[in-house]
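Below are the chains, spelled out letter by letter.
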Amino acid sequence: MMDSELSILVRGIGKRYKIGSAQQRADTLRDLITAQAARISSRLRGKGRRSSEPDHIWALRDVNFEVKRGQALGIIGRNGAGKSTLLKVLSRVTDPTEGYGELRGRVGSLLEVGTGFHPELTGRENIFLNGAILGMHKKEIAARFDEIVAFSEVEKFIDTPVKRYSSGMYLRLAFAVAAHLEPEILVVDEVLAVGDADFQRKCLGKMGDVASSGRTVLFVSHNMSAILRLTQESIVLDKGRVLLRAPSNEAVDFYLNRGLSKMGERFWEEDEVPVSCAPFRPLAIRILDKTGQVSDSVRSVDPIQIEIDYELSEDITGLRVGFYLFTTRGEPVFTSFDIDSEQLFREYTARPAGVYTSRCTIPPDTLNEGRFLLGINASSYGIRRYFQDDQALSFSVDASGGPGTHWPESRPGPVRPVLDWNIERKGGV
Amino acid sequence: MAEADLTPTAQIVTLKPTKGWLGIDLKELWSYRELIYFLTWRDIKVRYKQAVLGVAWSVLQPVLTTAITTLVFGVLLKVKSDGLPYPVFALSALLPWHLFQLSLQKSSVSLVGNSNLITKVYFPRVIIPFSSVLAALVDFAISLVMLFISMAIYRIPLSWNVFWILPLTLLTVLAALAVGLWLSALNVQYRDVQQMVPFLIQIWMYATPIVYPITTIPEGTLRYIYSLNPMVGVVQGFRWALFGGSPPDMTLLISSLAVLLLLVSGLFFFRRMEKTFADVV
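Residues numbered from 1 in each chain as written. Chains lettered and ligands numbered in written order. Predicted model: local features only at pLDDT ≥ 70, side-chain atom pairs only at ≥ 80, totals over all residues.

Scanning chain A from terminus to terminus reveals ten helices and 20 strands. Across the 429 residues that make up chain A, the buried fraction comes to 38%. For chain A, the proportion of contacts with a sequence separation of at least 24, taken over those separated by at least 6, is 70%. (Helix = DSSP H or I, 4+ residues; strand = E, 2+ residues; numbered from the N terminus. Buried ≥ 20, exposed ≤ 12 C-beta atoms within 10 Å, placed from the backbone. Contact = placed C-beta atoms within 7 Å.)

Shown next, in the form of structure tokens:
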């Protein structure tokens, strides 16, 4: 039994997925039979089991931590580090394979807003349905109904089926229900990735309220500024293990400096890419300086080259590969895709299978000094997102020689353009 | 925002690997009764949305099936009907059968259809097939009214035995739930199940005395084996409760035992598979 000051206690938790079930699960009996037949025949031919390939992966291993009551704990890690699996185990969606844990009180999970929303039902009906799914009692929902509607700002459409909502309205309503959950432990995953800036601010405020009202919050986000604002302490996960637990500012620093690849180049191993991305497979992303060398640190006065290597196992129509540029605080700077230009857009409506490099140049005098994050996205607009990694690579920009650097001051803002100033004297004194 | 109940006595939830076979936790299920209610309510609400005829379908379906069955088996093939007007004979069996069929159709795909819930939120998974079976009861209630109307048209008197319909309906629901538990859990792993269900239902229908009277099957051992089909007891019981005649003897007992066996094994199987649902679905 844990100490009454604790809200969450986790000891040696591990979660193992069979590769057979997690990645290439047998969807039909036919697949199962073919797979079994292949295994038997390879055994008969004396090859035995493929010993080089393990048939399971540990998504979490030997995870230990505890959270005090009323504490907000951040969980940081790259995609695939085990964050989602950890939250799933804590919210009891899936059982751990090993280890032990205790949670004091009701766990409310916000693994994704709008879970269980039904498009045919009205806003009002969905509030009750979604509330019940998230573990609220009917009485609680009824008591908070007006508050939820007011928060969501969809009063006028509350009796309209949500399939007629704009995506913004839908998300606001979904978040409003979730934000009015009052469990002892709230588990939040990336909800702040939704909505416009105003609504995000409102959500952050609400999360802050939850934490300050004495509930325990577990908060997963790629948005480092949200982590810093909402949590005092964070743990850094990598490859299913806890690398560090520290005050959030230290954890964020550690993560940004060490958790990501350091040398200006990042490779994706085959097992790092979910099978669901196929036929797209990212191979590498790199930053090149003006001499064409891979570099982690580039100068703002030089052109900066970004290369993305990838492989298509089948032809894809409408594929665009590009990146998001973020500051390390998670604020977006800009987004660009390889077929943004009219001409390339027409030329590459369909890409045949093969290995590709999409290369682009950020012109000189674009970025300010500081550290930036590159996220990669490969999608067919309106059809499918094949792959996305919001933290594929980070790099530093040195602004020396750039505009205004004759003053030794740091300038706010992520960009440092050379602007065409002119000064006109309007007359003598 | 109100203060949460943070007394140290708040319930402690334990996380640990589950092993082996688990029973069903009725107390936990009871604490989730509101979720059962809302999911059932959702299934009912959504079923006939954006259908011009709406709830009228729950009346039309048995009426149309009865008409077709009467035409093919009653008029063309002249199947015996225990001396009853064929439409009433068929409808009395089609009612529980439709309940069973709809429950089975909905529950077998229910887990896969609700995979977004299963992978995101914890609750006892058995709630999902359970509420889809409950939702089918509403259609049943509506079509039951239809039956009484048609009996009035044919001037068939009712006896007190009509109240036997209630336990018989319960038996139907349990039978559908039992099979639904098996199929829904299997469907999570093998999507073949949902392809198989329509055939299963078709075969099952002909293995049940719906279009023909039970007297077609010779009494004795063969009848007992036949009664292992839970719907044999149900249909036989329904006809007796409504029209009198041969009371459901051993048939009903055997059918009930078959339901019990299916249900208990289904629950254990479901609970065993449950822990992998979120990882596999």
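From this point on, the discussion continues.
All names here are of chain A. The pLDDT averaged across chain A works out to 82; a share of 85% of its residues lies at or above 70. Here residues 21-26 is modelled with pLDDT under 50, and outside its nearest four sequence neighbours on either side it reaches 13 contacts, counting other chains as well. Considering only residues more than four positions removed or in separate chains, one finds that residues 47-53, a stretch of pLDDT under 50, has two contacts. (pLDDT = per-residue confidence, 0-100.)

With that settled, the discussion passes to the confidence of the model for chain B. Residues and elements named next belong to chain B. Residues at a pLDDT of 70 or more form 95% of chain B, whose mean pLDDT is 86. Within chain B, strand β1 (residues 12-15) has the poorest average pLDDT of any element, 80, and helix α8 (residues 165-189) the best, 94. Here residues 1-9 is modelled with pLDDT under 50, and outside its nearest four sequence neighbours on either side it reaches 15 contacts, counting other chains as well. At the level of chain-chain contacts, confidence expressed as ipTM amounts to 0.81, with global pTM at 0.71.

Here we come to the packing of helix α4 (residues 86-108) of chain B against α8 of chain B. To describe two helices that pack against each other, one gives the angle between their axes and the distance between the axes. Residue and element names in this part refer to chain B. Interaxial distance between α4 and α8 falls to 8 Å at its minimum, and their mutual angle equals 25°. Judged on the interaxial angle alone, α8 and α4 are roughly parallel. Classified by chirality, the crossing of α8 by α4 is right-handed. Across the interface between the two elements, Pro96, Leu99, Phe100, Ser103, Leu104, Ser107 and Ser108 from α4 touch Leu168, Thr169, Thr172, Val173, Ala175, Ala176, Val179, Gly180, Leu183, Ser184 and Asn187 from α8. Residues belonging to the contact of α4 with α8 are distributed by class as follows: ten nonpolar, eight polar and no charged. (Axes fitted to C-alpha atoms, helices over the stretch in contact; angles between N-to-C directions. Parallel < 35°, antiparallel > 145°, perpendicular 65-115°, else oblique. Left-handed = near helix turned anticlockwise from the far one by under 90°. Nonpolar A, V, L, I, M, F, W, Y, C, P; charged D, E, K, R; others polar.)

This part is about the interface of chain B and chain A. The accessible area lost on association of the parts is a frequent measure of interface size. With 36 residues of chain B at the interface, the matching set in chain A holds 48 residues. Tallying contributions element by element places helix α2 (residues 33-47) of chain B first for the side of chain B that touches chain A, with six residues. Here the residues of the side of chain B that touches chain A are counted per class, giving 19 nonpolar, six polar and eleven charged. Across four bridges, the pairing between strand β4 (residues 98-104) of chain A and β1 of chain B is antiparallel. Bridge pairing in β1 of chain B links leucine 103 of chain A to valine 13 of chain B. (Pairing = 2+ DSSP bridges.)

The next subject is the packing of α8 of chain B against helix α11 (residues 230-243) of chain B. Residues and elements named next belong to chain B. The geometry of α8 relative to α11 is characterised by a closest axis approach of 10 Å and an angle of 160° between their N-to-C directions. The angle between α8 and α11 places the two elements in the roughly antiparallel class. As α8 runs across α11, the sense of the crossing is left-handed. Across the interface between the two elements, Ile165, Leu168, Leu171, Thr172 and Ala175 of α8 pack against Pro230, Met231, Val234, Gly237, Phe238 and Ala241 of α11. Its residues placed into classes, the contact of α8 with α11 shows nine nonpolar, two polar and no charged.

Right, let's talk about the sheet that holds strand β1 (residues 6-18) of chain A for a bit. Read from one edge of the open sheet, four strands run β2(A)-β1(A)-β4(A)-β1(B), paired in antiparallel fashion. Only two strands of the sheet have a single partner each, and these edge strands are β2 (56-68) of chain A together with β1 of chain B. Along the sheet, successive strands turn relative to each other by an average axial angle of 15°, direction set aside. As paired strands, β1 of chain A and β2 of chain A are joined by nine bridges and run antiparallel to one another. For leucine 6 of chain A, the partnering residue across the bridge sits in β2 of chain A and is lysine 68 of chain A.

With 129 residues, the main nonpolar core has Ile75, Val217, Leu218 and Phe219 of chain A as its most contacted residues. A per-element tally of this core places α8 of chain B first, with 14 residues. Discounting chain neighbours no more than four positions away, the residues touching valine 217 of chain A are Ala72, Leu186, Val188, Met207, Val210 and Ala211 of chain A. Core analysis: the next-biggest nonpolar cluster, separate from the first, contains 27 residues, Ile285, Phe323, Phe372 and Ile376 of chain A among them. (Core = buried A, V, L, I, M, F, W, Y, C linked by C-beta atoms within 7 Å.)

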